[in-house]
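# Structure assessment
Below are the chains, spelled out letter by letter.
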Amino acid sequence: MTSAIVLGGSRGIGKAISDALKSIEIDVFAASKKDIDTSDLNSVRKFLENHNQTDILVLNTGGPVPKPFATITEDDWKLYHNQLFLGFVTILQNIKINDGGYIFLISSSVIKEPNAKLIISSAYRAAFAEIFKVLSKEYAQKNISCINIAPGPINTDRTQELIENVQEFEKSLPMKRLGEPQEIGNFVKAIIENKIKYLSGVTINFDGANSNYIF
């Protein structure tokens, strides 16, 4: 049976992906923060002792709270350096993705359009996206596809926390609504179910036409 590890798999986008993959009889380990906390490298290493091989890996984690640049502390930088960057690096250095597998990175639209309120997320998610792009060439030699999904406004708890008046905000969006986590889950399922392999080393802007960039 095909196996999958989904980080942050107990809520939001991660849960939607987990549920979608389970629907096509993939053996999914939906990891919660109790299973692995990517901000704690000891937690990451402990997780890898028992979860060091899979067919499908979904790298996904929550982001920092909004903070003006001048108020970000050294501890903030160190915490999210681990959570958004070094934790994922450690995982990829120590986990075997079976030949013909998939790695999905759930990043954010801020990797292409930095957000002043989310400057920590913008910096570290962009940095890891660079590594993910470089590694995609190496993984391709084993027919492992690497897809970076960069969500825009999605209907999750985090979006509700970041936006004061969601209904008003939705009116400003091209589709007049937030994206649903299930849409991302179904996208990931479709890639795997249809054995789409040549789509690799790419970033998918999953934002309902909200962004202004073309690449």
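Residues numbered from 1 in each chain as written. Predicted model: local features only at pLDDT ≥ 70, side-chain atom pairs only at ≥ 80, totals over all residues. Heavy atoms only, no water.

Looking now at the packing of helix H3 (residues 74-94) against helix H4 (residues 119-140). The N-to-C vectors of H3 and H4 enclose an angle of 10°; their axes lie 9 Å apart at closest approach. With respect to H4, the element H3 is oriented roughly parallel. Facing H3, whose interface residues are Asp76, Trp77, Tyr80, His81, Leu84, Phe85, Phe88, Val89 and Leu92, H4 presents Ile120, Ser121, Tyr124, Arg125, Ala127, Phe128, Ile131, Leu135 and Tyr139. When grouped by side-chain class, the residues that make up the contact of H3 with H4 number 14 nonpolar, 2 polar and 2 charged. (Axes fitted to C-alpha atoms, helices over the stretch in contact; angles between N-to-C directions. Helix = DSSP H or I, 4+ residues; strand = E, 2+ residues; numbered from the N terminus. Parallel < 35°, antiparallel > 145°, perpendicular 65-115°, else oblique. Contact = heavy atoms within 4.5 Å. Nonpolar A, V, L, I, M, F, W, Y, C, P; charged D, E, K, R; others polar.)

With that settled, consider helix H7 (residues 181-193). In a regular helix each residue adds 1.5 Å, so 13 residues correspond to 18 Å; H7 covers 18 Å between its end C-alpha atoms and thus fits that length. Among the residues making up H7, those that are buried are Pro181, Ile184, Gly185, Val188, Ile191 and Ile192. For H7, the angular spread of buried residues about the axis comes to 125°, placing them on one side. In this structure, the buried side of H7 is in contact with helix H1 (12-22), strand S3 (53-59), strand S4 (96-106), strand S5 (145-151) and strand S6 (202-206). Positive backbone phi, at 55°, marks Lys195, one or two positions downstream of H7. (Expected span 1.5 Å × (residues − 1). Buried < 20%, exposed > 50% of the residue type's maximum accessible area, 1.4 Å probe, protein only. Arc of directions from axis to C-beta.)

Empty space within the largest pocket amounts to approximately 1,400 Å³. Lining the largest pocket we find 48 residues, and of these Gly63, Arg125, Thr156, Arg158 and Leu162 sit closest to its centre. For the lining of the largest pocket, the element with the most residues is helix H5 (residues 157-162), which contributes 5 residues. Its residues assigned to classes, the lining of the largest pocket comprises 16 nonpolar, 22 polar and 10 charged. (1 Å grid on protein atoms, 1.4 Å probe; cavity = no way out; pocket = protein on both sides within 12 Å on 5 of 7 lines; lining within 4 Å. Points joined across faces, edges and corners; volume = space filled by probe spheres on them.)

Moving on, we come to H3. Compared with the 30 Å implied by 1.5 Å per residue over 21 residues, the 28 Å span of H3 between its first and last C-alpha is a close match. A maximum bend of about 45° is found in H3 at Asn82. Contacts from the buried residues of H3 go to strand S1 (3-7), helix H2 (41-50), S3, S4 and H4. (Bend = angle between axes of the 7 residues up to and from the residue.)

By the definition in use, this model includes 2 cavities of 30 Å³ or more. Of the volumes computed, that of the largest cavity is approximately 40 Å³. Around the largest cavity, the lining residues are Leu84, Phe88, Leu105, Ile106, Ser107, Arg125 and Phe128. Of all elements in the fold, only H3, S4 and H4 reach the threshold of two or more residues within the lining of the largest cavity. A class-by-class count of the residues in the lining of the largest cavity yields 5 nonpolar, 1 polar and 1 charged. Estimated volume of the second largest cavity: approximately 30 Å³. In this structure, the second largest cavity is lined by Pro64, Val65, Pro66, Lys67, Ile72, Lys117, Leu118, Ile119, Ile120 and Ser121. Here the lining of the second largest cavity is composed, by residue class, of 7 nonpolar, 1 polar and 2 charged.

The subject of this paragraph is the packing of aromatic side chains. By the definition in use, this model includes 6 aromatic pairs. Clustering of aromatic rings is evident, with ring pairs tying together Phe88, Phe128 and Phe132. Sitting above the plane of the Tyr102 ring, Lys197 keeps its charged end 3.7 Å from the centroid. (Phe/Tyr/Trp six-rings, centres within 6.5 Å; stacked < 30°, edge-to-face > 60°. Lys NZ or Arg CZ within 6 Å of the ring centre and 35° of its normal.)

What follows concerns the pattern of salt bridges. The tally for this structure, following the rule as stated, stands at 6 salt bridges. The shortest N-O distance in the salt bridge between Lys78 and Glu74 comes to 3.0 Å. Of the two residues, Lys78 and Glu74 are both situated in helix H3; the distance of 4 residues between them amounts to about one turn of the helix. Taking the relative accessible area as the measure of exposure, Lys78 reaches 48% and is therefore partly exposed. Residue class for Glu74 comes out exposed when judged on its relative accessible area of 56%. Ionic pairing is found between Glu168 and Lys171, a salt bridge with its closest N-O pair at 3.0 Å. You can see Glu168 and its partner Lys171 sitting in helix H6 (residues 166-171), 3 residues apart, about one turn around the helix. (Salt bridge = Lys/Arg side-chain N within 4 Å of Asp/Glu carboxyl O.)

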